[in-house]
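# Survey of secondary and tertiary structure
Each chain, written out:
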Amino acid sequence: MEGPKVTRRSFGEGALAASAATAFAMPAIARGGSAAERVRLGIIGAGSRGNQLLDTFLPIEEVDLVAVADVDDHHAGKTAERVQKTKGHMPWTGRDYLPMLERKDLDGVIIATPDHWHALPAIQAVLAGKDVYVEKPVGHNVAEGQAMIKAARKTQRIMAVGTQQRSSSHFQKAVEIVRSGKLGKVFWIQTWNYENISPVGMGTYPDGEAPSHVDYDRWLGPAPSKAFNPNRFHLLFRWFFDYAGGMMSDWGVHLNDIVLWALDAKGPNSIYAAGGIRTTDDNRDTPDTLQVIYEFPGCTLTYSMRKGNGLKFNGHDYRILFCGTDGSLMLDRSGFEVIPDHVVLPYGIKLVHGKRDLRKIELKPESEKGVDGQPAHVANFLECMKTRARPTCDIEIAHRSTNTCHLGNIAYKLGRKLEWDVATETFKNDSEANALLSREPRKGFELPNLA
Ligand SMILES: NC(=O)c1ccc[n+]([C@@H]2O[C@H](COP(=O)([O-])OP(=O)(O)OC[C@H]3O[C@@H](n4cnc5c(N)ncnc54)[C@H](O)[C@@H]3O)[C@@H](O)[C@H]2O)c1
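Definitions and cut-offs
Residues numbered from 1 in each chain as written. Predicted model: local features only at pLDDT ≥ 70, side-chain atom pairs only at ≥ 80, totals over all residues. Pairing = 2+ DSSP bridges. Helix = DSSP H or I, 4+ residues; strand = E, 2+ residues; numbered from the N terminus. Contact = placed C-beta atoms within 7 Å. Axes fitted to C-alpha atoms, helices over the stretch in contact; angles between N-to-C directions. Parallel < 35°, antiparallel > 145°, perpendicular 65-115°, else oblique. Core = buried A, V, L, I, M, F, W, Y, C linked by C-beta atoms within 7 Å. Buried ≥ 20, exposed ≤ 12 C-beta atoms within 10 Å, placed from the backbone. Near = placed C-beta within 6 Å. Nonpolar A, V, L, I, M, F, W, Y, C, P; charged D, E, K, R; others polar. Domains from an automatic or database assignment. pLDDT = per-residue confidence, 0-100.

## Thoughts on the sheet that holds strand 12 (residues 327–332)
- Here we have 10 strands laid out as an open sheet, ordered 14-13-12-11-7-10-9-8-15-16, and mixed in their pairing. Edge positions in the open sheet fall to strand 14 (366–369) and strand 16 (426–427), since each of these has one partner strand only.
- Both strand 15 (residues 418–421) and strand 16 contribute to a ladder of two bridges, which runs antiparallel. Its bridge partner lying in strand 16, Asp421 is registered against Thr426.
- The strands touched by helix 8 (residues 169–180) within the sheet are strand 7 (186–194), strand 11 (318–324), strand 12, strand 13 (335–340) and strand 14, with strand 12 carrying the most contacts at an inclination of about 160°.
- Sitting on the sheet, helix 14 (residues 395–414) touches strand 8 (270–276), strand 9 (289–296), strand 10 (299–306) and strand 15, and the angle it makes with strand 8 is about 60°.

## What to know about the packing of helix 6 (residues 119–127) against helix 7 (residues 142–155)
- Two elements in contact, helix 6 and helix 7, have axes separated by 9 Å at closest approach and are oriented at 10°. Relative to helix 7, the element helix 6 is oriented roughly parallel. Contacts between helix 6 and helix 7 involve Ala119, Ala122, Ile123, Val126 and Leu127 on the former and, on the latter, Glu144, Ala147, Met148, Ala151, Ala152 and Thr155.

## Considering the nonpolar core
- Formed by 57 residues in total, the largest nonpolar core has its most connected members in Ile43, Ala122, Ile123, Val132, Met148 and Met159.
- If you tally residues by element for this core, the top one is helix 6, at seven residues.
- Excluding its chain neighbours within four sequence positions, the residues that come into contact with Ile123 are Ala147, Met148, Ala151, Leu447 and Pro448.

## A short note on the site of the ligand
- Taken together, 28 residues lie near the ligand, and Gly45, Gly47, Ser48, Arg49 and Glu135 sit nearest.
- Of all the secondary structure elements, the ones that give two or more residues to the shell around the ligand are helix 3 (48–57) and helix 9 (216–220).
- Classifying every residue of the shell around the ligand by side-chain character gives 10 nonpolar, 10 polar and eight charged.
- Looking at the shell around the ligand, you find at least three residues from each of domain 1 (15–165 + 382–394) and domain 2 (170–371 + 398–437).

## Description of the pairing of strand 7
- Relative to strand 11, strand 7 is paired through seven bridges, and the arrangement is antiparallel. Counted as the bridge partner of Ile189 is Phe322 from strand 11.

## Focus on the sheet that holds strand 5 (residues 131–134)
- The sheet built from six strands is open, its strands ordered 3-2-1-4-5-6 with parallel pairing. On the outer flanks of this sheet lie strand 3 (92–94) and strand 6 (159–161), each paired with one strand and no other. The mean angle between the axes of side-by-side strands here comes to 20°, regardless of whether they run parallel or antiparallel.
- In this structure, strand 1 (residues 39–44) lies alongside strand 2 (residues 63–69), joined through six bridges in parallel fashion. Bridge assignment links Ile43 to a residue of strand 2, and that residue is Val68.
- Packed on one face of the sheet, helix 4 (residues 73–87) meets strand 1, strand 2 and strand 3 and runs near 165° to strand 2.

## A look at helix 6
- In terms of burial, helix 6 is a largely internal element, nine of the nine residues being buried.
- Within helix 6 the residues assigned to the buried category are Ala119, Leu120, Pro121, Ala122, Ile123, Gln124, Ala125, Val126 and Leu127.
- Of the residues one or two after helix 6, Gly129 is the one with positive phi, at around 85°.

## Things to note about the domain arrangement of the chain
- Segmentation of the chain into domains returns domain 1 (15–165 + 382–394) and domain 2 (170–371 + 398–437).
- Its C-alpha centre places domain 1 at a distance of 28 Å from the equivalent point of domain 2.
- Taken together, the 28 residues of domain 1 in the interface contact 29 residues of domain 2.
- Within the residue set of the side of domain 1 that touches domain 2, elements represented by two or more residues are helix 4 and helix 7.
- For the side of domain 1 that touches domain 2, the element with the most residues is helix 7, which contributes six residues.
- Its residues placed into classes, the side of domain 1 that touches domain 2 shows 12 nonpolar, 10 polar and six charged.

## Side note on the pairing of strand 8
- Residues Ile271, Ala273 and Gly275 of strand 8 are buried on one face, while the alternating residues Ser270, Tyr272, Ala274 and Gly276, pointing to the opposite face, are not.
- Both strand 8 and strand 9 contribute to a ladder of seven bridges, which runs antiparallel. Its bridge partner being in strand 9, Tyr272 is matched across the sheet by Ile293.
- Summarising the sheet, strand 8 and strand 15 pair through two bridges and their orientation is antiparallel. When the sheet's bridge partners are listed, Ser270 is paired in strand 15 with Glu419.

## Remarks on the confidence of the model for the chain
- This prediction gives the chain a mean pLDDT of 93; 92% of its residues lie at or above 70.
- Within the model, the stretch residues 1–35 combines pLDDT values under 50 with 55 contacts to residues more than four positions away or in other chains.

## Structural notes on the packing of helix 7 against helix 14
- Running from N to C, helix 7 and helix 14 point in directions that differ by 175°, and their axes come no closer than 9 Å. With respect to their mutual orientation, helix 7 and helix 14 come out roughly antiparallel. Note on element contacts: helix 14 touches helix 7 through Ile395, Glu396, His399, Thr402, Asn403 and His406, opposite Val142, Gly145, Met148, Ile149 and Ala152.
- Of the residues that constitute the contact of helix 7 with helix 14, the class distribution is five nonpolar, five polar and one charged.

Right under this line is the structure:
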């Protein structure tokens, strides 16, 4: 069922923005009496990830799911039925999420749309006085992330991001170990994603008509207008720069997020990248082969990705490896291992300088099984809605992690080393690279003015 019509352009600039201004003063959840007990949420984007998130949200007794917005009627309908089965009531459904944001009986929204559709609804939601749980990566480009932080701060709304590893106890412990100095000087880090989908990949399909149960124009939203193609749509949009950032921002963001956390860093000082589309014959425009090298003070990070060969690295097809002078720590969702190192005296040094006593490393092996962070991540969001504390993965934290992916992709596109100024979030003396930090949205899908 569609609600009242609100034009995208008018939203956030008219009556709603004015009512939101008074709403900012008070947590949405505290406004409606009984809402102190119940958390009333809506979902924007009820596809694959949206439904995974509902696996965690719906079983929570205090959560009511009152609205489902999806440009695909089938996705909205199936999700609404699922809500009815588990919660016993049919939520409002619609293709356009704006009427949802006007509802008084809504405290927050879950946003699980494609990457190019994260910033606009997140900003409009906080302007309407709602709290937000938005999926990673934060936005389609650096400027979108900056606008999301600005909107969250201006409205004092919660904006939590779905980099759920931050809520996993084993990730927390692993980061503590890296930070403790137990590994010695951590100077070399690798994150990686390897698989073999060559040569067919997604396959090749002609452009055609979008299904009639989909508002394709709204799906495109701020992205450039292009003919419908099943590869550029549900789930597979991530392999096109118009909507996302390929494997770098799809998976790399989860991995680099942990690196920034462990290094307590806001971003790298420089980035260079090489790669291409070398092994896949489909119509993707993001690379299937990529090496991005980031320099941090005293430490180098490489994000390494290939889709034409699935040979595992250290027994894993994706992971994070921290190397220190005393040992290494390898980490992913399945758990972590600490691997002590040992110092050697190479033949040449021994011949020139003679035998010497070798430094003994005290580090002990250690390992821990992985814990899914999703339930704790969702619980933290709900808790922050009540306490108004900053969430475990606040928008600003996830913005910086997402930036590492945007920067990797920009370095890949330009094919040269880029110097990054962490404080100003701009490239140093590089107008061509700086031009890629934002893009002109399609007319009618501009971000609200937050000045
Ligand atoms: N945190 C994680 O572990 C994790 C895992 C998977 C995906 N994700 C993220 O979740 C997001 C969604 O990915 P997905 O795999 O679910 O994609 P998907 O294509 O399966 O789902 C996206 C849904 O959003 C809908 N949609 C698109 N534009 C919309 C709009 N303007 N308003 C309402 N609905 C709209 C689509 O119709 C679709 O149902 C991506 O950004 C992805 O990176 C995160």
